[in-house]
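Descriptive analysis of the structure
Each chain, written out:
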Amino acid sequence: MATEMAPKYDPQAVETGRYQTWLDEDVFKPSGNKKAKPYSIVIPPPNVTGKLHLGHAWDTTLQDMIIRQKRMQGYDVLWLPGMDHAGIATQAKVEAKLREQGLDRHQLGREKFVQQVWDWKDEYAATIKAQWAKLGLSLDYSRERFTLDAGLSKAVRTVFVKLYNEGLIYRGEYIINWDPQLQTALSDIEVLHQDDEGAFYHVRYPLADGSGDIEIATTRPETLPGDTAIAVHPGDPRYANLVGKMVKLPLTDREIPIIEDFYVDQEFGTGAVKITPAHDPNDFAVGNRHDLQRINIMNDDGTMNANAGAKYDGMDRFEARKAIVANLKAAGYLLDVEKITHSVGHSERSGVQVEPRLSTQWFVKMKPLAELALQNQNSANKVNFVPERFETTFVNWMENIHDWVISRQLWWGHQIPAWYRNDTGEIYVGMDAPKDIENWHQETDVLDTWFSSALWPFSTMGWPDTDSADYKRYFPTNTLVTGYDIIPFWVARMIFQSLKFTGQRPFENALIHGLIRDEQGRKMSKSLGNGIDPMDVIKKYGADALRWFLSTGSTPGQDTRFSYTKMDSAWNFINKIWNASRFVIMNLGDVKASDKLRNRDEFDLSDRWIFSRLNETIADVTRLNDQFEFGESGRLLYNFIWNDFCDWYIEMSKAVLNGTDQHAQELKRQNLLYVLDQILRLMHPIMPFVTEKIWLSMPHHGESLTTAKYPEFNSDLTDLAAVDQMNALIEVIRGVRNIRTEANAPMSKQIEIMIKTKTAVLEETLKGNLGFLERFLNPTTLLIGPNVTAPKLAMSNVITDAEIFVPLAELIDLGQEIKRLTKEDGRLAQEIQRIDRKLGNQGFIAKAPAAVVDEQRTKRADYVGQQQAVQARIAELKANQA
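Note that this is a predicted model, so its numbers are computed, not measured. Within every chain, residues take consecutive numbers counted from 1 along the sequence as written. Residues qualify for local features only when their pLDDT is at least 70, as the model is predicted, and side-chain atom pairs are given and counted only at 80 or more; totals for whole chains, interfaces and linings, by contrast, use all residues. To obtain the side-chain values, all non-hydrogen atoms of the structure were used and water was disregarded.

**Examining the overall build of the protein**
Going along the chain from the N terminus, every DSSP run of H or I of four or more residues is numbered as a helix, and every run of E of two or more is numbered as a strand. For the protein, the count of helices and strands is 29 helices and 29 strands. Here the globule rule reads 2.2 Å times residues to the power 0.38, and the radius of gyration is calculated from C-alpha atoms. For 882 residues, the compact-globule estimate of 2.2 N^0.38 gives 29 Å, and the protein exceeds it by more than 25% at 37 Å. Principal-axis analysis of the C-alpha atoms gives the protein an extent of 115 × 90 × 55 Å. Across the 882 residues of the protein, 53% fall into the buried class. Per-residue and other accessible areas were derived by the Shrake-Rupley procedure at a 1.4 Å probe size, with only the shown protein chains allowed to occlude residues. Put simply, the protein shows about 39400 Å² of open surface, and 47% of that area lies on carbon and sulfur atoms. Charge separation in the protein, taken as the distance between the mean sites of 101 positive and 119 negative side-chain charges, equals 4 Å. Buried, partly exposed and exposed residues are distinguished by accessible area as a fraction of the type maximum, computed with a 1.4 Å probe on protein chains only: under 20%, between the cut-offs, and over 50%, respectively. All tallies of charge rest on Lys and Arg as positive and Asp and Glu as negative; His and the ends of each chain are not included. Every charge is mapped to an atom, namely NZ of Lys, CZ of Arg, CG of Asp or CD of Glu.

And the structure:
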């Protein structure tokens with residue numbers, strides 16, 4: 001039987017303890033029903049670097065909605081949780097913590113430092129799981145994975161060894177992005193570009209034969225000691241006679257050649273550029289074409305080395321810039337300093353300016369893997385991006401991809417499975433260490449975090465064991481939910497790795513959402529101080545309100561703006577559901593829940609209408625959710641629940657519930673219970689806590705909504721005639737309410753109502769539902785028919801196929817209204833006089849801005865128009881009074 005609900009919705013009381021109950025009941029695990037169709041999602045693993053933010057809450061809420069609905073629809077559902085070790089990000093956090101204690105990792109040594117990171121991981125993993133619980137995520141924790149666990153580590157080694165043996169992983173010396181603070185390589189997408197203040201330094205390089213000089217402009221004069229050539233565009237007439245000559249490299253005793261290369265843009269600057277192959281990716285390519293020497297002038301920490309010259313050895317790179325510029329000026333080589341703002345790369349993790357630097361690193365040869373991914377997008381096995389436009393982002397990235405630098409000079413991560421034979425230069429790559437290990441030492445670098453997370457959809461299922469039960473049943477997964485900002489980082493890499501190693505796409509659908517911004521549309525960040533902790537929002541409004549806002553606040557792929565006004569609206573909606581549910585439950589009597597509707601031939605118009613609308617809502621919401629149009633489906637649910645169910649059906653039901661016909665009462669209770677039950681099922685994937693609480697407070701069919709059956713479309717319940725009739729009734733009721741509002745006549749005041757119908761169908765509908773009309777209109781008399789004559793003085797409202805009239809005398813006291821309008825006429829006359837005095841003041845006209853004068857004239861015209869309308873109304877009322 002029904003259980004009494006608290007008189008007020010309290011999200012903390014509703015949500016506390018419920019998640020643990022779900023875990024105790026094991027409702028989040030797959031059903032184990034082999035006849036059921038499998039449906040799987042792997043969670044995008046959050047980094048163990050800190051707490052979850054609103055973006056995580058949005059991402060996981062969408063996944064949980066999908067999973068909960070599929071579970072209720074009878075699918076064998078797996079939602080697999082896990083976390084990412086986040087190599088560079090986590091190591092940066094722990095190193096910062098150590099610096100506060102006056103320590104660094106080298107003082108601890110690799111083993112002790114890595115243990116410190118594991119301790120950090122354990123702390124933040126516990127925090128993240130507690131946040132998942134607060135959000136109500138229906139994850140199967142028995143299958144939880146971590147990117148550094150034994151199974152995933154095996155998958156990583158397998159992939160590395162196979163790619164190496166196929167020649168798709170290689171070790172080479174290239175210009176890479178270098179983080180001097182973390183002292184590690186970065187991939188292109190770990191570099192954030194921002195506008196920095198800088199300068200073009202115009203420098204004169206003297207010709208060695210003394211016949212003149214050549215001018216170049218550079219933004220990085222500190223790299224001058226590493227120059228090995230000056231390049232000009234082939235055929236540039238300004239420099240044709242200089243090609244092949246040597247120039248003296250300022251501040252050094254070296255000479256370098258003038259060469260020709262199509263890389264040089266002769267329209268830019270002086271048309272001559274210095275070439276520094278060890279410190280610029282474009283110069284590196286030029287150097288390769290011309291067999292130029294590569295001179296590395298910097299240490300790992302961004303200080304200058306001996307190759308920069310004794311004067312600058314050990315100096316910080318930016319201090320060296322100042323010193324070199326000063327020395328160039330003193331020696332007469334500096335011609336000009338031109339201040340500029342230019343885009344400069346910064347490390348995503350440490351924030352320091354990235355240094356392009358020659359380094360020996362491990363790379364993945366990307367072209368063959370990219371081609372595999374691009375070909376697959378033209379097949380039936382393609383990944384379906386939602387919205388489709390994000391496929392273009394993916395394709396563009398794949399078509400323009402560079403080889404991927406995968407080695408990181410870190411200690412936290414998957415240590416590269418490569419060993420070097422002592423002093424021989426021989427390299428061994430394998431799943432396990434060489435047998436004569438005493439003659440070998442392992443590569444100290446670890447792999448880029450994205451290398452392991454690229455394997456996430458299949459490594460978490462047991463791969464490389466392709467006989468694993470989960471791999472065979474749940475892979476490929478069905479849907480990935482993630483933000484558009486990591487399509488190149490993660491989505492693209494999962495696709496090409498999955499195609500390469502499993503021959504299948506990693507997921508059927510990639511649902512791409514945007515970013516959460518603040519109310520002003522700004523990205524949330526620590527520097528702006530506009531970040532919002534989802535746990536603070538849950539504490540105030542409850543998880544269900546946050547989930548409602550996150551799931552319905554935008555269309556796929558679009559950013560959304562967080563606001564407390566929207567959170568207030570979300571809370572109000574849940575409160576409306578709570579109050580409506582409480583009313584229904586309090587009025588159930590002895591009615592028991594049933595999956596079947598009884599006595600349908602006895603349904604009144606409101607019953608036939610609400611079931612048709614419910615059925616239509618079920619069909620539309622199911623279709624829209626399958627298309628990931630959660631905002632639109634939320635709008636339909638909101639309208640059905642707030643307007644149709646609460647404002648109309650429940651209100652219409654009160655006439656029966658307060659009546660004396662017990663049979664009609666029982667039928668109405670049965671229908672109220674059925675519709676409420678279906679609403680709770682529809683809403684459960686979005687608002688799991690409150691719907692479960694209400695459902696358990698009423699007669700029900702099971703222990704948890706989590707595994708209850710999701711509503712299905714039933715064509716027998718569609719009644720379009722009832723919908724049309726009900727819409728007509730509602731339009732009439734709203735028409736009369738509008739008249740009351742305009743006349744300031746409260747509902748408690750009975751009035752005479754006349755409805756002139758234009759069709760026999762509408763006349764029959766209205767006369768057949770007089771009970772509803774009398775309850776909602778409160779008439780003294782209600783006249784309906786095609787021959788209704790409008791009274792001489794009445795307020796009217798034209799609606800579809802009818803006109804509504806209410807005699808004015810019924811609405812207002814004519815004498816009182818004339819008094820009120822006369823007073824208003826006097827007020828308007830005063831306003832007009834006040835403006836006339838202003839406009840008649842020549843000093844005001846001369847001194848006030850034209851816009852202010854025009855505004856006063858516009859106001860006067862408005863007041864005059866209002867006064868004329870008021871005076872006409874007074875005359876009309878006086879005539880009627882006479």
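That covers the picture; the talk isn't over yet.
**Remarks on helix 4 (residues 87-100)**
Expected helix span is taken as 1.5 Å per residue step, with the number of steps being one fewer than the number of residues. Along its 14 residues, helix 4 runs 20 Å from first to last C-alpha, staying within 8% of the 20 Å computed at 1.5 Å per residue. Within helix 4 the residues assigned to the buried category are Gly 87, Ile 88, Ala 89, Thr 90, Gln 91, Ala 92, Val 94, Glu 95 and Leu 98. Each element contacted by the buried residues of helix 4 is listed here: helix 5 (105-108), helix 6 (110-135), strand 6 (184-186) and helix 12 (449-453). Once helix 4 ends, the next one or two residues include Gly 102, with phi positive near 75 degrees. Between two residues, a contact is recorded if the distance between any of their heavy atoms is within 4.5 Å.

**What to know about the sheet that holds strand 7 (residues 191-206)**
Two strands form a pair only when DSSP identifies at least two bridges running between them. With respect to topology, three strands assemble into an open sheet ordered 8-7-13, the strand pairing being antiparallel. With one partner strand each, in any of the chains shown, strand 8 (213-218) and strand 13 (334-347) form the two edges of the open sheet. Strand-to-strand twist in this sheet, taken as the mean axis angle between neighbours without regard to direction, amounts to 20 degrees. Here strand 7 runs beside strand 13; their pairing, made up of 13 bridges, is antiparallel. In the sheet register, Gly 198 faces strand 13, and the bridge partner there is Ile 340. In this analysis, axes come from line fits to C-alpha atoms, helices being fitted only over the stretch in contact, and the angle between any two N-to-C directions falls in the range 0 to 180 degrees.

**As for the UniProt feature "domain: Valyl-tRNA synthetase tRNA-binding arm" (unreviewed entry) in the protein**
The feature "domain: Valyl-tRNA synthetase tRNA-binding arm" (unreviewed entry), as annotated in UniProt, sits at residues 813-878 in this numbering. With 92% helix and 0% strand, residues 813-878 has end C-alpha atoms that lie 12 Å from one another. UniProt positions are given in the numbering used here, feature names are shortened, and annotations may be inferred rather than shown by experiment.

**Looking at the packing of helix 20 (residues 630-657) against helix 21 (residues 662-683)**
Packing of helix 20 against helix 21 leaves a shortest axis separation of 11 Å and a crossing angle of 165 degrees. Put simply, helix 20 runs roughly antiparallel to helix 21. Pair helix 20 / helix 21 crosses with left-handed handedness. When helix 20 is examined against helix 21, the residues Leu 637, Phe 640, Ile 641, Phe 645, Tyr 649, Ile 650, Ser 653, Val 656 and Leu 657 are found in contact with a partner set consisting of Ala 664, Gln 665, Lys 668, Arg 669, Asn 671, Leu 672, Val 675, Leu 676, Ile 679, Leu 682 and Met 683. Roughly parallel covers angles under 35 degrees, roughly antiparallel covers those over 145, roughly perpendicular covers 65 to 115, and oblique covers all other angles. Crossing handedness: left-handed means the near helix sits turned counterclockwise from the far one by under a right angle, and right-handed means the same turn made clockwise.

**As for the nonpolar core**
We define a nonpolar core as any set of buried Ala, Val, Leu, Ile, Met, Phe, Trp, Tyr and Cys residues linked to one another through side-chain atoms lying within 4.5 Å. Counting residues in hydrophobic clusters, the biggest one holds 158 residues, and the most contacted among them are Phe 645 and Leu 811. Apart from residues no more than four positions distant in its own chain, Leu 811 is found in contact with Ile 739, Ala 743, Ala 745, Lys 749, Ile 751, Met 795 and Val 806.

**Describing unusual backbone geometry**
If a residue is not glycine, its phi is most likely negative; likewise, a peptide bond is most likely trans. For the bond from Val 386 to Pro 387, the omega torsion is -5 degrees, close enough to zero to count as cis. Turning to its location among the elements, Pro 387 is positioned in the loop between strand 15 (384-386) and helix 11 (389-399). Here the residue pair Trp 463 and Pro 464 is connected by a cis peptide bond, since its omega of 20 degrees sits within 30 degrees of zero. In this structure, Pro 464 sits in the loop between helix 13 (456-459) and helix 14 (469-474). The backbone of Gln 183 sits at a positive phi, close to 55 degrees, despite the residue not being glycine. Along the chain, the position of Gln 183 falls in the loop between strand 5 (169-179) and strand 6. Here Asp 291, not a glycine, exhibits a phi torsion of approximately 55 degrees, which is positive.

**With respect to the side chain of Gln 856**
Following the sequence through the fold, Gln 856 ends up in helix 29 (residues 850-881). Contact partners of Gln 856, with chain neighbours within four places excluded, come to Ile 835, Lys 838, Leu 839 and Phe 844.

**Here's the deal with the sheet that holds strand 11 (residues 255-260)**
Ordered in space as 10-11-9-12, the four strands form an open sheet in which the pairing is mixed. Since the sheet does not close on itself, it has two edges, and those belong to strand 10 (246-248) and strand 12 (272-275), each with one partner. Recorded for the sheet is a direction-independent mean angle of 30 degrees between the axes of neighbouring strands. For strand 9 (residues 229-232) and strand 12, the ladder comprises four bridges, and the chain directions are antiparallel. Looking at strand 12, one finds that Val 232 is bridged to Ala 272.

**Observations concerning the pattern of salt bridges**
For this document, the term salt bridge refers to a Lys or Arg side-chain nitrogen within 4 Å of an Asp or Glu carboxyl oxygen. Counted by the stated rule, this structure contains 50 salt bridges. With its nearest N and O atoms 2.7 Å apart, the salt bridge here joins Asp 470 to Arg 143. Linking Asp 470 in helix 14 with Arg 143 in the loop between helix 6 and strand 4 (145-146), this pair joins segments that are 327 residues apart in sequence. We classify Asp 470 as buried; its relative accessible area is 16%. Judged by relative accessible area, which is 23%, Arg 143 ranks as partly exposed. One connected set of salt bridges, linked through shared partners, spans Arg 220, Glu 222, Arg 317, Arg 321 and Glu 355.

**Overview of the packing of aromatic side chains**
Where two aromatic rings form a pair, the distance of their centres and the angle of their planes describe that pair. Only the six-membered ring of Trp is used, alongside the rings of Phe and Tyr, when aromatic pairs are assigned; centres must lie within 6.5 Å, and planes under 30 degrees apart are stacked while those over 60 apart are edge-to-face, with the rest tilted. Inspection of the entire model under this criterion finds 43 aromatic pairs. Between Phe 645 and Tyr 649, the aromatic rings sit 6.4 Å apart at their centres with planes inclined by 25 degrees, giving stacked as the arrangement. With Phe 645 and Tyr 649 both in helix 20 and four residues apart, this pair spans about one turn of that helix. Among the residues examined, Phe 645 registers a relative accessible area of 1% and is labelled buried. Here the aromatic residues Phe 160, Tyr 164, Trp 362, Trp 404, Phe 451 and Phe 496 are joined through ring pairs into a cluster of three or more. Cation over ring: Arg 105 sits above Trp 411, and NZ or CZ is 4.9 Å from the ring centre. A positively charged side chain is recorded as over a ring if its NZ (Lys) or CZ (Arg) lies within 6 Å of the ring centre. The angle to the ring normal must also be within 35 degrees. If you follow Lys 654 out to its NZ or CZ, it ends over the ring of Phe 583, 5.2 Å from the centre.

**Focus: the environment of Ala 743**
The residue Ala 743 is located in helix 23 (residues 720-743) in this model. The sequence separation of Ala 743 and Leu 808 amounts to 65 residues, and the corresponding C-alpha distance is 8.7 Å. When sequence neighbours within four positions are dropped, the list of residues in contact with Ala 743 reads Met 795, Leu 811 and Ile 812.

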